[in-house]
Amino acid sequence: MENLERNNLLERIKLLAECIEAGNEEEVNRILDDILQKREHMLFQELGRLTREFHDALNSFRLDSRVTELARDNIPDAKQRLNYVISMTEQAANRTLNAVEGTTPICEKIAAQSRMLREQWANFIQRKMTAQDFRNMSRELDSFLENMSADTDRIRENLSEVLMAQDYQDLTGQILQRVIFLVNEMEGHLSRLVRNGSAQTPHDPTVPPLSFAPLAPKTIPDKPSAEEAHGPFVPGVIPAEEVIHNQDDVDSLLSSLGF
Amino acid sequence: MKILVVDDFATMRRIIKNLLRDIGFSNITEADDGSSALPLLQNGDFDFLVTDWNMPGMPGIELLKAVRASPKLAKLPVLMVTAESKREQIIAAAQAGVNGYIVKPFNAVTLKEKLDKIFERLEN
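Residues numbered from 1 in each chain as written. Chains lettered and ligands numbered in written order. Predicted model: local features only at pLDDT ≥ 70, side-chain atom pairs only at ≥ 80, totals over all residues. Heavy atoms only, no water.

Asks: It is not clear to me how the overall build of chain A should be interpreted in this structure. Could you clarify?
Replies: Helix and strand content of chain A: 6 helices and 0 strands. Going from N to C terminus, chain A has its helices and strands arranged as α-α-α-α-α-α. For chain A, the residues scored as buried account for 24% of the 259 residues in total. Contacts in chain A between residues far apart in sequence, at least 24 positions, make up 67% of those at least 6 positions apart. Summing over all exposed atoms, chain A offers an accessible surface of approximately 18200 Å²; the carbon and sulfur share of this is 57%. (Helix = DSSP H or I, 4+ residues; strand = E, 2+ residues; numbered from the N terminus. Buried < 20%, exposed > 50% of the residue type's maximum accessible area, 1.4 Å probe, protein only. Contact = heavy atoms within 4.5 Å. Areas by Shrake-Rupley, 256 points an atom, 1.4 Å probe, with all protein chains shown as cover.)

Asks: Explanation requested: the pattern of salt bridges in the structure shown.
Replies: Where charged atoms from two side chains of opposite charge come close, those side chains can pair. Residues and elements named next belong to chain A. Taken as a whole and judged by the stated rule, the model has 19 salt bridges over all chains. When the shortest N-O distance is used, the salt bridge between E27 and R30 registers 2.9 Å. Of this pair, E27 and R30 both sit in helix α2 (residues 25-63), separated by 3 residues, roughly a single helical turn. On the basis of relative accessible area, E27 is assigned to the partly exposed category, the value being 22%. Residues R49 and E46 are paired through a salt bridge, measuring 2.9 Å at the closest nitrogen-oxygen approach. Highlighted residues: R49 and E46, both in helix α2, separated by 3 residues, approximately one helical turn. On the accessibility criterion, R49 (22% relative accessible area) is partly exposed. (Salt bridge = Lys/Arg side-chain N within 4 Å of Asp/Glu carboxyl O.)

Asks: It is not clear to me how the layout of surface pockets should be interpreted in this structure. Could you clarify?
Replies: Which parts of space are left empty comes out when a probe the size of a water molecule is rolled across the atoms. Its volume calculated, the second largest pocket comes out at about 460 Å³. As for the second largest pocket, its lining consists of 24 residues, of which Y84, M88 and L171 of chain A together with K104 and P105 of chain B are closest to the centre. Only α3 (65-125) and α5 (168-199) of chain A provide two or more residues apiece to the lining of the second largest pocket. When residues in the lining of the second largest pocket are grouped by element, the largest group, 5 residues, is from α3 of chain A. Taken together, the residues that form the lining of the second largest pocket break down as 14 nonpolar, 7 polar and 3 charged. (1 Å grid on protein atoms, 1.4 Å probe; cavity = no way out; pocket = protein on both sides within 12 Å on 5 of 7 lines; lining within 4 Å. Points joined across faces, edges and corners; volume = space filled by probe spheres on them. Nonpolar A, V, L, I, M, F, W, Y, C, P; charged D, E, K, R; others polar.)

Asks: Looking at this model, I keep getting lost on helix α4 (residues 87-95) of chain B. Mind explaining?
Replies: An α-helix turns once per 3.6 residues; consequently, residues spaced three or four apart project the same way. Those residues of α4 of chain B that sit buried are Q89, I90, A92, A93 and A94 of chain B. Buried positions along α4 of chain B lie against α6 (247-256) of chain A together with α3 (60-69), β4 (78-82) and β5 (100-103) of chain B.

Asks: Teacher, can you tell me more about the sheet that holds β5 of chain B here?
Replies: The pairing of strands in a sheet comes from backbone hydrogen bonds and takes either a parallel or an antiparallel form. Residues and elements named next belong to chain B. Taken together, 5 strands build an open sheet; the order of strands is β2-β1-β3-β4-β5 and the sheet is parallel. Strand pairing shows two members of the sheet lacking a second neighbour, β2 (27-31) and β5, which therefore form its edges. Strand-to-strand twist in this sheet, taken as the mean axis angle between neighbours without regard to direction, amounts to 20 degrees. In terms of strand pairing, strand β1 (residues 2-6) meets strand β3 (residues 48-51) through 4 bridges, oriented parallel. Looking across to β3, one finds that V6 is bridged to T51. (Pairing = 2+ DSSP bridges. Axes fitted to C-alpha atoms, helices over the stretch in contact; angles between N-to-C directions.)

Asks: Please explain empty space enclosed by the protein as it appears in this structure.
Replies: All told, the structure shown has 2 cavities of 30 Å³ or more when counted by the stated rule. In this structure, the largest cavity occupies an estimated 140 Å³ of space. Lining the largest cavity are D251, L254, S255 and F259 of chain A together with N99, G100, Y101, K114, K117, I118 and R121 of chain B. Elements with a minimum of two residues in the lining of the largest cavity: α6 of chain A together with β5 and α5 (108-123) of chain B. By residue number, the principal contributor to the lining of the largest cavity is α5 of chain B, which donates 4 residues. Taken together, the residues of the lining of the largest cavity break down into 4 nonpolar, 3 polar and 4 charged. Of the pockets and cavities examined, the second largest cavity occupies roughly 30 Å³. Residue lining of the second largest cavity: H230, G231, P232, F233, I238 and V243 of chain A together with A83, S85 and K86 of chain B, and that is the complete set.

Structure below.
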């Protein structure tokens, strides 16, 4: 095809040279006009092609309405979810730190008292103790043992608080899984748009041709059934009135059902 | 008492295991979703099932239904411990035959209360 055009052009130029030599001005002008016109025609053709491609690209944006939906609804949702994750991890960290800060002084108190009692006990064993010192030691020992039970109870309580605070990993994990799912979906749509866009730029034979085949259906249906999992409640994302917020309300709902 | 704890998050399984141990149950097995739990239940002699709802593979509600549909497991007590807290979900779980439902985040007292209540019912 290109060869043919080149030969054609060569023919015309040879003819042009002949006409110039022969002084045939009229023919010279005609050939020049012809060549220029052909050139203009190609330019218009190229412009037409670009316009069509631009139009198709615009259409592909419109066709991919899920992208609009993602940008309008899901991205703000995801931001809210991520912010909620930050506040949940902060709460869990504070719960843990409070429990640790509440436990440390108890341990320090027990350590100091037992150290003191041990010194007094050593004196007693070495018979370096007066009767009055012995009475003091007995009183201190008695109060130490008495407090020990309450102190260990508080330590246990604080440890249990640390244990329960770790539930944030499950709860935030479930929220993050949803955000990751959304990012994956977004990535799929965007890379399809980019692919479609680049398929229309010339001189790239490696890019597959344009396709408007619909993407795989969404895995999160628009109207979830009663058994669809939603993950933990996220304020502002899941309507508060649809959700039961504490165990007491769960219990009363169940008891109204005969449980 | 042999208990199976099913949750896809290992941290939550550990928390539940620790709480159960505090209450006095130490024979605990773990599974990370319904499809790995079901064969364990079918081939084992579990007395109690604690399960999450939202899990990849087979979710807790499906596991509950499979348990109720199995002649061997139909009477196994099932406690759901989950962040799923929509009214319709709790009703769905009740209809599927759950014995107790705890919403996350929960505490040790709630777990003990629900266990006691389930056992009390089973005895009567």
